[in-house]
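# Coordinates in review
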Amino acid sequence: MAPAAVETLPVQLPVHSSYKSYGGEAPPGDYKEISTAKFSEEVEKKGTGDFAPASYPNYLPTWNPEQKYAPLEPFEHVEHGKDADPTYPELLGDGVTITHLTPKTGSEVRGIQLSKLSSAGKDQLARLVAERKVVAFRDQDLADLPIAEALKFGGYFGRHHIHPTSGSPEGHPEIHLVHRQAGDNAIDTFFANRTSSVAWHSDVSYEAQPPGTTFLYVLDLPSTGGDTLFANAAEAYNRLSPLFQERLHGLKARHSAIEQANGSVRRGGIKRREPVVNEHPIVRTHPVTGEKALFVNPQFTRNIVGLKKEESDAILNFLYDHLAWGADFQVRVKWEKGTVVVWDNRVTQHSAIVDWTTGERRHLARITPQAERPYETPFVAKS
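Since this is a predicted model, take the numbers as computed values, not measurements.

## Describing the overall build of the protein chain
In terms of regular secondary structure, the protein chain is built from eight helices and 16 strands. A compact globule built from 383 residues would reach a C-alpha radius of gyration of about 21 Å, and the protein chain, at 20 Å, matches this within 12%. Here the C-alpha coordinates of the protein chain stretch approximately 60 × 55 × 40 Å along the principal axes. Taking all 383 residues of the protein chain together, 57% fall into the buried category. Looking at the protein chain alone, contacts between residues at least 24 apart form 84% of all its contacts between residues at least 6 apart. A total accessible area of about 16100 Å² is found for the protein chain, and carbon and sulfur atoms account for 52% of it.

Okay, structure coming up:
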């Protein structure tokens with residue numbers, strides 16, 4: 001299979017119509033990640049009269065302009081879920097309860113400690129998440145471990161991705177932080193120009209080898225709100241007619257990091273690597289389940305290769321709407337203390353929900369192992 005095209009700045013890409021309200025750039029995302037100009041280390045470490053200090057000061061974000069990295073090199077990804085025991089004896093053994101949140105998408109597990117899993121248990125974890133798409137593990141200790149140990153656990157599932165623009169704990173750029181500090185009122189400013197905070201995406205889909213099994217764990221949360229939505233992109237593909245599925249096969253779309261990098265620099269942030277543009281199949285195949293899934297998202301996908309703008313926009317807008325409106329293949333995960341949510345970024349999309357206006361802190365950490373280069377297997381019509 002031929003490698004996907006890779007480009008770096010300077011490059012001019014058509015900007016998808018979803019971004020016309022932003023003057024030709026992607027949405028700024030300030031509802032989700034705080035900029036360097038707004039962050040107050042003192043407020044977060046000491047708290048205020050209204051808010052307690054951050055529960056995990058070792059996870060407070062830093063932006064180090066000295067962190068400059070060369071372009072990512074290809075690597076051979078080992079997919080551990082392929083040979084895992086599908087009965088999950090090390091993962092779902094005695095004393096472990098699993099509750100399916102919907103018939104096909106999302107589960108909740110209690111009674112197992114992820115950080116204590118054997119290699120076989122980790123393999124089974126990768127397989128379970130590939131099958132259920134997103135799994136919330138409760139009462140976990142991942143946030144309480146030294147960061148290096150948490151990274152060692154996550155590194156079993158692939159090469160750590162270092163985000164090109166996000167804040168990270170001091171000395172650990174492999175950790176991506178989702179952070180809104182206590183007392184921040186930028187949510188009100190955001191909603192002055194937007195009617196919804198929903199922003200469906202697959203993480204860093206612009207990379208040549210985007211993430212696979214992904215971990216997000218809670219540090220601090222508002223008393224209510226701040227849930228995360230997930231969409232099952234494999235089931236979204238299955239809902240399409242065979243004729244439309246066949247038409248999508250063979251098409252590739254461009255995914256761009258340029259707008260995210262430009263937005264970071266504009267807000268006083270950092271750019272650890274030069275942004276890239278990669279082409280990926282619109283329908284990708286999962287290496288464990290063999291399922292086909294839609295792999296486009298309005299945050300990073302820009303256009304379909306070889307189609308005129310109006311043609312490309314028509315197809316992409318339909319797919320975006322299809323994924324966004326498909327409540328019957330979506331799930332809403334409610335966070336609680338000690339939760340680690342694990343999802344398969346290859347076959348899901350997600351969006352944070354901004355629905356709290358109390359000024360409470362929302363602080364989470366993500367470990368983001370990269371996986372294989374997206375690939376497509378031939379279309380086979382269902383009999």
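Now, onward.
## Digging into the nonpolar core
Grouped together as the largest cluster of nonpolar side chains are 32 residues, with contacts concentrated most on Y59, L114, L125, F137, I175, F215 and Y217. Of all the elements in the fold, those that place two or more residues in this core are helix 2 (119-132), strand 4 (134-137), helix 3 (147-155), strand 5 (175-180), strand 6 (213-220), strand 14 (340-344) and strand 16 (362-367). Core analysis: the next-biggest nonpolar cluster, separate from the first, contains 21 residues, Y237, L248, L251 and V347 among them.

## Focus on the sheet that holds strand 13 (residues 330-333)
With antiparallel pairing, the three strands of this open sheet are ordered in space as 13-7-15. Of all the strands in the sheet, just strand 13 and strand 15 (348-352) have a single pairing partner and so form its edges. Neighbouring strand axes in the sheet, compared pairwise and without regard to direction, differ in orientation by 20° on average. Sheet topology places strand 7 (residues 228-232) next to strand 13; four bridges connect them, and they run antiparallel. Following the sheet pairing, T228 is matched in strand 13 by V333.

## Regarding the packing of aromatic side chains
For the structure shown, the criterion picks out eleven aromatic pairs. Both rings, one in Y59 and one in Y217, keep their centres 5.8 Å apart while their planes meet at 85°; by these two values the pair is edge-to-face. On the criterion of sequence distance, the pair formed by Y59 in the loop between helix 1 (41-46) and strand 2 (97-100) and Y217 in strand 6 is long-range, its members being 158 residues apart. Among the residues examined, Y59 registers a relative accessible area of 0% and is labelled buried. With a centroid separation of 5.3 Å and 55° between ring planes, the pair formed by F230 and W343 is classed as tilted. With a gap of 113 residues between them, F230 in strand 7 and W343 in strand 14 connect regions that are remote in the sequence.

## With respect to helix 8 (residues 309-325)
The end-to-end C-alpha distance of helix 8 is 24 Å, a good match for the 24 Å that 17 residues give at a rise of 1.5 Å each. Considered for burial, the residues of helix 8 that qualify are S312, D313, I315, L316, L319, Y320, H322 and L323.

## Let's talk about the confidence of the model for the protein chain
Put simply, the protein chain has an average pLDDT of 91, and 90% of its residues get 70 or more. Low pLDDT (under 50) marks residues 1-13, which in the prediction has 29 contacts with non-local residues, meaning those over four places away or in another chain. Low pLDDT, under 50, characterises residues 18-37; the predicted model gives this stretch 54 contacts beyond four residues in sequence or across chains.

## Observations regarding the UniProt feature "domain: TauD/TfdA-like" (unreviewed entry) in the protein chain
This chain's UniProt record puts "domain: TauD/TfdA-like" (unreviewed entry) on residues 98-368. As annotated, residues 98-368 comprises 25% helix and 26% strand, and the C-alpha atoms at either end are separated by 24 Å.

## Observations concerning the side chain of R138
In this structure, R138 sits in the loop between strand 4 and helix 3. By relative accessible area, R138 is classed as buried at 5%. At a separation of 2.9 Å, a polar atom in the side chain of R138 contacts the main-chain carbonyl oxygen of K334. Dropping the residues within four chain positions of it, R138 is found in contact with E108, V109, R110, K334, W335, E336, G338 and T339.

## Some points on the sheet that holds strand 2
The strands that make up a sheet pair up through hydrogen bonds in the backbone, lying either parallel or antiparallel. If you walk across this open sheet you meet the seven strands as 2-3-4-14-6-16-5, and the pairing is mixed. Since the sheet does not close on itself, it has two edges, and those belong to strand 2 and strand 5, each with one partner. Going across the sheet, the axis of each strand differs from the next one's by a mean of 20°, ignoring polarity. Across four bridges, the pairing between strand 2 and strand 3 (residues 107-110) is antiparallel. The residue bridging H100 from the neighbouring strand is S107, located in strand 3. Running at roughly 125° to strand 4, helix 2 makes contact with strand 2, strand 3, strand 4, strand 6 and strand 14 of the sheet. Sheet strands touched by helix 3: strand 5, strand 6 and strand 16. Its angle to strand 16, the strand with the most contacts, is close to 50°.

## Observations regarding unusual backbone geometry
One non-glycine residue with positive phi stands out, namely Y88, at about 55°. Note that Y88 resides in the loop between helix 1 and strand 2. With a phi angle near 80°, K133 is a residue other than glycine that sits in the positive phi range. In this structure, K133 sits in the loop between helix 2 and strand 4. Judged by relative accessible area, which is 2%, K133 ranks as buried.

## Notes on helix 7 (residues 258-266)
For an α-helix the count is 3.6 residues per turn, leaving residues at separations of three or four pointing the same way. Within the sequence span of helix 7, burial applies to I258, E259, A261, G263 and S264. If you follow the buried residues of helix 7, they end up packed against strand 8 (252-256), strand 9 (276-281) and strand 12 (301-304). Note on helix 7: the residue one or two positions beyond its end, G268, has a positive phi of about 85°.

## Examining the pairing of strand 3
A regular strand places its side chains so that they alternate between the two faces of the sheet. Hairpin connection from strand 2 to strand 3: six residues lie between these consecutive antiparallel strands, with G106 at a positive phi of about 90°. In the sheet, strand 3 pairs with strand 4 via three bridges, with the strands oriented parallel. The residue bridging V109 from the neighbouring strand is F137, located in strand 4. Note that the unit made of strand 3, helix 2 and strand 4 has a crossover that is right-handed.

Rules behind the numbers
- Residue numbers run consecutively from 1 along every chain, following the written order of its sequence.
- Given that the model is predicted, a residue must reach a pLDDT of at least 70 before its local features are reported, and side-chain atom pairs must reach 80 or more before they are shown or counted; all residues, however, enter totals for whole chains, interfaces and linings.
- Hydrogens and water are ignored here; the side-chain numbers use all heavy atoms of the structure.
- To qualify as a helix, a DSSP run of H or I must reach at least 4 residues; to qualify as a strand, a run of E must reach at least 2; elements of each kind are numbered from the N terminus.
- Each radius of gyration reported is based on C-alpha atoms, and the globular scaling rule is 2.2 Å times the count of residues to the power 0.38.
- Only protein chains enter the area calculation, which uses a 1.4 Å probe; residues under 20% of their type maximum are buried, those over 50% are exposed, and those in between are partly exposed.
- Any two residues whose heavy atoms approach within 4.5 Å at even a single point are treated as in contact.
- Per-residue and other accessible areas were derived by the Shrake-Rupley procedure at a 1.4 Å probe size, with only the shown protein chains allowed to occlude residues.
- In these notes, a set of buried Ala, Val, Leu, Ile, Met, Phe, Trp, Tyr and Cys residues joined through side-chain atoms within 4.5 Å is what counts as a nonpolar core.
- Note on pairing: DSSP must find at least two bridges between two strands before they are called paired.
- Helix axes are fitted only over the stretch in contact, all axes being lines through C-alpha atoms; the angle between N-to-C directions runs from 0 to 180 degrees.
- Only Phe, Tyr and Trp rings take part, Trp by its six-membered ring, and two of them pair if their centres are within 6.5 Å. Stacked means planes under 30 degrees apart, edge-to-face means over 60, and tilted covers everything else.
- Expected span of a helix, by definition, is 1.5 Å for each gap between consecutive residues, and there is one gap fewer than residues.
- Each residue carries a pLDDT score, the predictor's own confidence in it, on a scale running from 0 to 100.
- UniProt positions are given in the numbering used here, feature names are shortened, and annotations may be inferred rather than shown by experiment.
- As used in this structure description, the phrase polar contact means that two N or O atoms lie within 3.5 Å; if the pair is within protein, one of them must be able to donate a hydrogen and the other to accept it, and residues adjacent in sequence are counted only when both atoms belong to side chains.
- Seen with its strands pointing away from the viewer, a crossover is right-handed if its path from the first strand over the helix to the second goes clockwise.

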